[in-house]
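# Overview (structure and organization)
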Amino acid sequence: MTAIVETRALAKTYGSGETAVHALAGIDLSIESGQFVAVMGPSGCGKSTLLNMLGGLDNPTDGEVAIGGEELSKLSDDALTELRRHKIGFIFQAFNLIPMLTATENASLPLRLDGDGTANDKANHWLEAVGLGDRLGNRPDQLSGGQQQRVAVARALTTDPALILADEPTGNLDSKAATEIVGLLQQVAVKWGRTVLMVTHDARVASYAHRLLLMRDGAIVGDRQLDGTREAPYRALEELDLL
């Protein structure tokens, strides 16, 4: 299978001298197309920094990041913006929906910014796919937290990206809604063939992924294939003393 994500000796340091913080400490990583990968580790271990590097939202201090075979450091600012718009979809803990816009308008926003005349049709297709076909005209304040996150998932998919980066996508949800959203992300990978990289603090949520990356002090200290059982992430965390 094709690697959609590749990093080589990826490092990120904030500050210098005695106050330097080594957020990433030389990460080598390869993720194949269609994989659902969860990233876990204690607060401050570098999970979100890794996501930011893969999304081209921050520049590494050393090393390389390639998305779909394109090395990000070799792209112009305009080309990097194009790659982020069309190859990567982002899902955040806080939903990041615009309050005065409907579900359709929120989900279609990336395409409308590109001048796509079929933006609303594409947005409605994905909103229906994620179970919101009867909520197209609702604003965020008329939707539950789980429904708002479904709009965010649809928005991430409208540009037909190869990679979905999800940073604590269930962090603001109750357990029932969290289960529905992570099941939807599993579907994004399995049914719709997208690569999903999800940062989470919840081992139960991580258990829906195919693969678990465990981080500590800016490094990947564990890389496990998951078997679909709810216990598998807990065992991996326990073995590496990360609980």
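Preceding this section is the structure that the text describes.
We now turn to the structure provided with this report. (Residues numbered from 1 in each chain as written. Predicted model: local features only at pLDDT ≥ 70, side-chain atom pairs only at ≥ 80, totals over all residues. Heavy atoms only, no water.)

### What about the nonpolar core?
Put simply, the test is: Definition used in this section: a nonpolar core is a set of buried Ala, Val, Leu, Ile, Met, Phe, Trp, Tyr and Cys residues joined via side-chain atoms within 4.5 Å. Burial classification: accessible surface area is computed with a 1.4 Å probe over protein chains only, and a residue below 20% of its type maximum counts as buried, one above 50% as exposed, and the rest as partly exposed. Strands are runs of DSSP state E lasting at least two residues, helices are runs of H or I lasting at least four, and both sets are numbered from the N terminus onward. We call two residues contacting when some pair of their heavy atoms lies within 4.5 Å.
Within the largest apolar cluster, 47 residues are counted, with the highest numbers of intra-cluster contacts made by Phe36, Leu127, Val153, Leu185, Met198, Leu212 and Leu214. No other element matches helix H6 (residues 175–190), which puts eight residues into this core. Contacts of methionine 198, omitting those with residues within four sequence positions, involve Phe36, Val37, Ala38, Val39, Ala166, Pro169, Val182, Leu185, Val205 and Ala206. Counting residues in hydrophobic clusters, the runner-up holds 27 residues, among them Ile88, Leu165, Leu197 and Leu213.

### Let's talk about the sheet that holds strand E2 (residues 21–32)
Strand pairing in a sheet is mediated by backbone hydrogen bonds. Such pairs are either parallel or antiparallel. Test applied: By definition, two strands form a pair when at least two bridges between them are found by DSSP.
Strand order across the open sheet formed by four strands is E2-E1-E4-E5, with antiparallel pairing between neighbours. The two strands at the open ends of the sheet, each matched to only one other strand, are E2 and strand E5 (70–71). The pairing of strand E4 (residues 62–67) with E5 spans two bridges and is classified as antiparallel. When the bridges of E5 are listed, alanine 66 appears paired with glutamate 71.

### Points about the sheet that holds strand E10 (residues 219–225)
Here is the rule we go by: The convention used is that axes are lines fitted to C-alpha atoms, helices contributing only their stretch in contact, and that angles between N-to-C directions extend from 0 to 180 degrees.
Strand order in the open sheet made by the six strands is E6-E7-E8-E3-E9-E10, with mixed pairing throughout. Each edge of the sheet is formed by a strand with only one pairing partner; in this case those strands are strand E6 (88–92) and E10. Strand-to-strand twist of the sheet, defined as the mean angle between neighbouring strand axes without regard to direction, takes the value 20°. Helix-sheet contacts for helix H2 (residues 77–87) involve E6 and strand E7 (163–167), and the interaxial angle to E6 is about 70°.

### Quick look at unusual backbone geometry
Residue alanine 9 is not a glycine yet carries a positive backbone phi of 50°. Mapped onto the elements, alanine 9 comes out in strand E1 (residues 3–14). Take alanine 9: its relative accessible area is 43%, and that puts it in the partly exposed class. Positive phi, close to 50°, is recorded for glutamate 168, a residue that is not glycine. Of note, glutamate 168 is situated in the loop between E7 and H6.

### A look at the packing of helix H3 (residues 103–113) against helix H5 (residues 145–157)
Worth spelling out the cut-off: Left-handed is the label given to a crossing in which the near helix is rotated counterclockwise from the far helix by less than a right angle, and right-handed is the label when the rotation is clockwise. Following the grouping adopted for this structure description, the nonpolar residues are Ala, Val, Leu, Ile, Met, Phe, Trp, Tyr, Cys and Pro, the charged ones are Asp, Glu, Lys and Arg, and the polar ones are all others, Gly among them.
Contact pair H3 / H5: the axes reach a minimum separation of 7 Å and the direction vectors enclose 30°. The element H3 and its partner H5 pack so that their crossing is right-handed. Here Ala103, Asn106, Ala107 and Pro110 of H3 lie close against H5, whose contacting residues are Val151, Ala154 and Arg155. Taken together, the residues that form the contact of H3 with H5 break down as five nonpolar, one polar and one charged.

### Some thoughts on helix H4 (residues 119–129)
Just so we agree on the cut-off: Taking the helix axis as origin, the arc is that swept by the directions to the C-beta atoms.
Within the sequence span of H4, burial applies to Ala119, Ala123, Asn124, Trp126 and Leu127. Each buried residue of H4 lies within a common arc of 165° when the element is viewed along its axis, so the set occupies one face. Phi for glycine 131, located one or two positions after H4, is positive at around 90°.

### Digging into the pattern of salt bridges
The condition is simple: Between Lys or Arg on one side and Asp or Glu on the other, a salt bridge is scored when a side-chain nitrogen of the former is within 4 Å of a carboxyl oxygen of the latter.
Applying the stated criterion across every chain, the model contains 14 salt bridges. Note that lysine 87 and glutamate 70 form a salt bridge whose closest N and O atoms lie 2.7 Å from each other. With a gap of 17 residues between them, lysine 87 in helix H2 and glutamate 70 in strand E5 connect regions that are remote in the sequence. Owing to a relative accessible area of 30%, glutamate 70 belongs among the partly exposed residues under this scheme. The residue aspartate 160 makes a salt bridge to arginine 194 at a minimum N-O spacing of 2.4 Å. Residue aspartate 160 is located in the loop between H5 and E7, and its partner arginine 194 is located in the loop between H6 and strand E8 (195–199); the two are separated by 34 residues in the primary sequence. The class of aspartate 160 is exposed, set by a relative accessible area of 52%. Residues participating in the shared-partner salt-bridge network are Arg8, Glu64, Glu71 and Lys74.

In short, the description is geometric, and any link to function would need to be established separately.
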